[in-house]
Amino acid sequence: MLVQLIAHTNDPEKTIAAAAKLCYSDAHIETLLDGLTPEKTTAFLQKLSDLGHASPIEHASFTFGIEGVSRTFLAQVTRHRIASFSVQSQRYVRLEDFRYVIPPEIECIPEAKAQFIRSMNDDAQKYLELVHTLEDAHTARLMAQGLPEKAARAKASKQANEDARFVLPNACETKMVMTMNCRSLQNFFNLRCCNRAQWEIRAVADEMLRLVLPLAPHVFAYAGPRCLTGACPEAHMCCGKQAEVRQKYEQLKSEALKNG
């Protein structure tokens, strides 16, 4: 798994503070950034937090490159609809180099791991066999319709990929570029840093938090699962490990700020 921060709003906290300043003062656009010292920026951000005024933090966004995650992860992360996603296409990219994600609970059981790898190898073989069968059939059909062989093969290749991908498993690796604003990120961390979140998306969320915290420490000061700042909202489904979770994120944030 690889998670990298590839772009972000320049000086995100000052940008947010400028939006807040406009809301609460007779400021003018031409002079909006004037006088926004680090101290005043922090004060505006604290005011937003105290009032629960979240819309100004939507003006700062972060763009991540994510690689080595599964299509299972993709199905979950795209449920966060206030975000932008660009995902490697299985229509345009043929998976000659078939890669997959092994869940930790399978990895730690030798017999299960062996079964899983056999299944992945079978899937890879069947996928490529189906691709070639479809490509040959489509090429012959297109040539019979008068298309030159090279052009027919190129068109047939895409058609073959489009249908052969239906046999690919959820474990199949994918990669994406994802952009979220700070408000969406706070919601993402609330839900996906939780112990009850699936292990893969939780690992991605933790790494994203490590990356954004040094750039917007006041915005993300309380980011993480909701049990960091109150009772667990999961009721009878609570993991029962609030103390451990709080210790984990205290250490994560301390290290992120130190290394950032």
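Please refer to the structure higher up on the page.
Okay, so let's go over this structure. It should be emphasised that the depicted structure is a prediction, and the values quoted were computed from it without experimental measurement. (Residues numbered from 1 in each chain as written. Predicted model: local features only at pLDDT ≥ 70, side-chain atom pairs only at ≥ 80, totals over all residues. Heavy atoms only, no water.)

1. Looking at the pattern of salt bridges
Our working definition: The working definition used for a salt bridge is a side-chain nitrogen of Lys or Arg within 4 Å of a carboxyl oxygen of Asp or Glu. By definition, any uninterrupted DSSP run of H or I lasting at least four residues is a helix, any uninterrupted run of E lasting at least two residues is a strand, and each is numbered from the N terminus. Each residue's exposure class comes from its accessible area (1.4 Å probe, protein chains only) as a fraction of the maximum for that residue type: buried when under 20%, exposed when over 50%, partly exposed otherwise.
This model, assessed by the stated rule, comprises 11 salt bridges. Linking glutamate 58 and arginine 183 is a salt bridge whose minimum nitrogen-to-oxygen distance equals 2.7 Å. Of this pair, glutamate 58 sits in the loop between helix 2 (38–51) and strand 2 (61–70) while arginine 183 sits in helix 7 (residues 182–192), placing them 125 residues apart in sequence. Exposure remark for arginine 183: the relative accessible area of 38% places this residue in the partly exposed category. In this structure, the salt-bridge partner of glutamate 207 is arginine 210, at a minimum N-O distance of 3.1 Å. One end of the pair, glutamate 207, and the other, arginine 210, are both in helix 8 (residues 199–212), three residues apart, so they sit about a helical turn from each other. Overall, arginine 210 belongs to the partly exposed group, its relative accessible area being 34%.

2. Side note on the packing of helix 8 against helix 9 (residues 242–259)
Here is the rule: Helix axes are fitted only over the stretch in contact, all axes being lines through C-alpha atoms; the angle between N-to-C directions runs from 0 to 180 degrees. Each angle is binned into one of four classes, with values under 35 degrees roughly parallel, values over 145 roughly antiparallel, values of 65 to 115 roughly perpendicular, and all other values oblique. Crossings are classed by handedness, with left-handed meaning an anticlockwise turn of the near helix from the far one by less than a right angle and right-handed meaning a clockwise turn. Two residues form a contact once any of their heavy atoms are found within 4.5 Å. Only Asp, Glu, Lys and Arg are considered charged in this grouping, and only Ala, Val, Leu, Ile, Met, Phe, Trp, Tyr, Cys and Pro are considered nonpolar; every other residue, Gly among them, is considered polar.
Interhelical geometry of helix 8 versus helix 9 gives an angle of 40° and a closest axis separation of 8 Å. With respect to helix 9, the element helix 8 is oriented oblique. Both helix 8 and helix 9 take part in a crossing whose hand is right-handed. Between helix 8, through Asp206, Leu209 and Arg210, and helix 9, the contact on the second element is made entirely by Lys248, Tyr249, Leu252, Lys253 and Ala256. Grouping the constituent residues of the contact of helix 8 with helix 9 by class yields four nonpolar, no polar and four charged.

3. Examining the sheet that holds strand 3 (residues 84–87)
For clarity, the cut-off: Pairing between two strands is assigned when DSSP locates at least 2 bridges connecting them.
One open sheet accounts for four strands, arranged 1-2-4-3; its pairing is antiparallel. Edge positions in the open sheet fall to strand 1 (2–8) and strand 3, since each of these has one partner strand only. Across this sheet, the average inter-strand angle for adjacent strands is 20°, counted without regard to direction. As judged from the six bridges shared by strand 1 and strand 2, these two strands associate in the antiparallel manner. When the sheet's bridge partners are listed, leucine 2 is paired in strand 2 with glutamate 67.

4. Here's the deal with the packing of aromatic side chains
Operational definition: Each pair of aromatic rings taken from Phe, Tyr and Trp, with Trp reduced to its six-membered ring, is defined by centres within 6.5 Å and is described as stacked if the planes are under 30 degrees apart, edge-to-face if over 60, and tilted in the remaining cases.
In the structure shown here, the tally under the stated rule is five aromatic pairs. A centroid spacing of 6.1 Å and a plane angle of 45° characterise the contact between phenylalanine 98 and tyrosine 100, whose relative ring orientation is tilted. A residue is classified by how much of its surface remains accessible, and tyrosine 100, at 22% relative accessible area, is partly exposed. A network of ring pairs unites the aromatic residues Phe62, Phe188, Phe189 and Phe220 as a single cluster.

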